[in-house]
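If you want the building blocks of each chain, they are given just below.
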Amino acid sequence: MNAPPAQPLLGIEQALERVLAAIVALPHEVVALADAHGRALAQTVQADADVPAFDRSAMDGIALRAEDGAQGAIVSQVGESAAGSPFLGALLPGQCVRVMTGGVVPPGATAVLPVERIERLDGDRYRLLEAARPEQNIARRGSEVHQGAVVLQPGVRLHGARVGVLATYGRDRVQVARRPVVAMLPTGNEIVPVGATPGLGQVRDANRHALTGLLLAAGAVVQQQPVAADARAALTKAVTEAWRDADVLVTSGGVSAGDYDLVPPVLQSLGATLHFHKIAIKPGKPLLFATRQHGGRTQYAFGLPGNPVSAYVCCALFVLPAIAALQGAPAGWQLLTLPSAGPLPATGPRAEILPATLLQLAGQTHANVQNFTSSADLTRFAQADWLAWRPAHSQQVLTGAPVLLLASPRP
Ligand code: AMP
Ligand code: MG
């Protein structure tokens, strides 16, 4: 009798869709601006005032009426407007006011001529070395942003410049998504702490640290759990504790087809629904994704393979988008296309995620994609700065033909 044909594995795009479809965004909270760095904004922010809020000089020089500004004309200074100390009068014909960068341009002035373009004569008189052009070097009130305009949309990540925008518009408190709480639970009898010298058959806990770095950068709070042993009772207890208060459980190891791969049955025994287990990816095929309803909310579990490159790739491709979606932020993969620095072989039924570096060839940036070696070799993987994505069933790529890179994150 013939064996039934094997079911094709779930493709990686479908797997990401399933993850994102299961996500329920977390509630919001209000934080001080100083605590907003790296958070996902959860409100629309409008300008509370025009910017600039006054007619502002872009140069150190003199403010004058453009019609008085013919080359060679002479104007007399009637005051000074430094940043923060405006000149309070108005300009009459033939007059000018000394202005500094950021100073208020006085009413009546329609040009600022920089210091390099004027010559100081006796007393307070200046000769113009160049004609003044109307509106030259004046940023008019509201010319950057009008009061009421939307300056930040919900979901954006608050990196430096955006925090500066919040400050510009007076938001000293800001509504953001709550940080997802991730329980980090490596499994495996052979896993020892980083400070230990491994005995025969033991390995140091690389996954905990590599994955934690990725998760923190994505805005998660990571709760470290002790390594769980490969025994049903011990793993059940460890998962019960780790998942109790966390939004997301991340395990590593114990999820493939070995005799001690107990993560799937333990999750199911604790009320989890498996959305997928094993997908068409290399490395990372054993990946598992599950959810459960617990204490009135949805909780998520990612069972990552133990091999360090597999765990890392699966975290980057699936856990990080989930962390973003939980915060209401854009969660899809961002891809770049670059010419390949060399030929690449055809791929099989699984998508391949490969380390890559950038290379300049004939003045053009190319992707130097490594061939797959091992899902265990984190050291070699970590030498690359980029991840390349070769779709399943791709034809071979010739030098110079396009390849896809994941724009973030990097190894
Ligand atoms: P497993 O998926 O549990 O069969 O583990 C696959 C391989 O990954 C084995 O060689 C493990 O020793 C290794 N491994 C599992 N967990 C970790 C970890 N936390 N850090 C480094 N290597 C690990
Ligand atoms: Mg194991």
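Residues numbered from 1 in each chain as written. Chains lettered and ligands numbered in written order. Predicted model: local features only at pLDDT ≥ 70, side-chain atom pairs only at ≥ 80, totals over all residues. Heavy atoms only, no water.

1. Quick notes on the environment of arginine 208
In this fold, arginine 208 is placed in helix α3 (residues 206-217). Taking the C-alpha atoms as reference, arginine 208 lies 10.0 Å from threonine 187; in sequence the two are 21 residues apart. If we skip the residues at most four places from it in the chain, arginine 208 touches Met184, Pro186, Gln224, Gln225, Pro226 and Val227. Engagement of the side chain of arginine 208 in a polar contact is seen with the side chain of aspartate 205, the distance being 2.9 Å. In terms of polar contacts, arginine 208 uses its side chain to reach the backbone carbonyl oxygen of glutamine 225, at 2.8 Å. (Helix = DSSP H or I, 4+ residues; strand = E, 2+ residues; numbered from the N terminus. Contact = heavy atoms within 4.5 Å. Polar contact = N/O pair within 3.5 Å; in protein donor to acceptor, adjacent residues only side chain to side chain.)

2. So, the pairing of strand β7 (residues 111-114)
Residues Ala111 and Leu113 line one face of β7 and the alternating positions Val112 and Pro114 line the opposite face, and both faces are buried. Bridge count for strand β4 (residues 61-64) against β7 is four bridges, and the pairing is antiparallel. For alanine 63, the partnering residue across the bridge sits in β7 and is valine 112. (Buried < 20%, exposed > 50% of the residue type's maximum accessible area, 1.4 Å probe, protein only. Pairing = 2+ DSSP bridges.)

3. Considering helix α6 (residues 308-326)
For an α-helix, 3.6 residues make a turn, and residues three or four places apart therefore share a direction. Taking 1.5 Å of rise per residue, 19 residues should cover 27 Å, and α6 covers 25 Å from first to last C-alpha, within 8% of that figure. Remark: the principal bend of α6, roughly 40°, maps to cysteine 315. Within α6, 19 of the 19 residues are buried, which leaves it mostly tucked inside the rest of the structure. Residue glycine 328 follows α6 closely and has a positive phi angle near 70°. (Expected span 1.5 Å × (residues − 1). Bend = angle between axes of the 7 residues up to and from the residue.)

4. Focus on the sheet that holds β4
Here six strands make up an open sheet; going across it, the order is β7-β4-β6-β5-β9-β8 and the pairing mixed. Every other strand in the sheet has two partners, leaving β7 and β8 (118-120) as the edge strands with one partner each. The sheet shows a mean angle of 40° between the axes of neighbouring strands, direction not considered. Judged from the four bridges that link them, β4 and strand β6 (residues 95-99) form a sheet pairing that is antiparallel. Residue pairing in the sheet places glycine 61 in a bridge with valine 99 of β6. (Axes fitted to C-alpha atoms, helices over the stretch in contact; angles between N-to-C directions.)

5. Quick look at the packing of aromatic side chains
The final tally for this structure, using the stated rule, is six aromatic pairs. A ring pair is formed by phenylalanine 276 and phenylalanine 289, whose centres lie 5.8 Å apart and whose planes are at 40°; its orientation type is tilted. Residue phenylalanine 276 is found in strand β18 (residues 273-277), and its partner phenylalanine 289 is found in strand β20 (residues 288-294); the two are separated by 13 residues along the sequence. When its relative accessible area of 0% is taken as the criterion, phenylalanine 289 is described as buried. Taking the centre distance of 5.3 Å and the plane angle of 75° together, the rings of tryptophan 333 and tryptophan 389 count as edge-to-face. Of this pair, tryptophan 333 sits in the loop between α6 and β22 (335-339) while tryptophan 389 sits in strand β25 (residues 386-390), and the two are 56 residues apart along the sequence. For the pair tryptophan 333 and tryptophan 389, a shared accessibility class is recorded, and that class is buried. (Phe/Tyr/Trp six-rings, centres within 6.5 Å; stacked < 30°, edge-to-face > 60°.)

In short, geometric facts, not functional conclusions.
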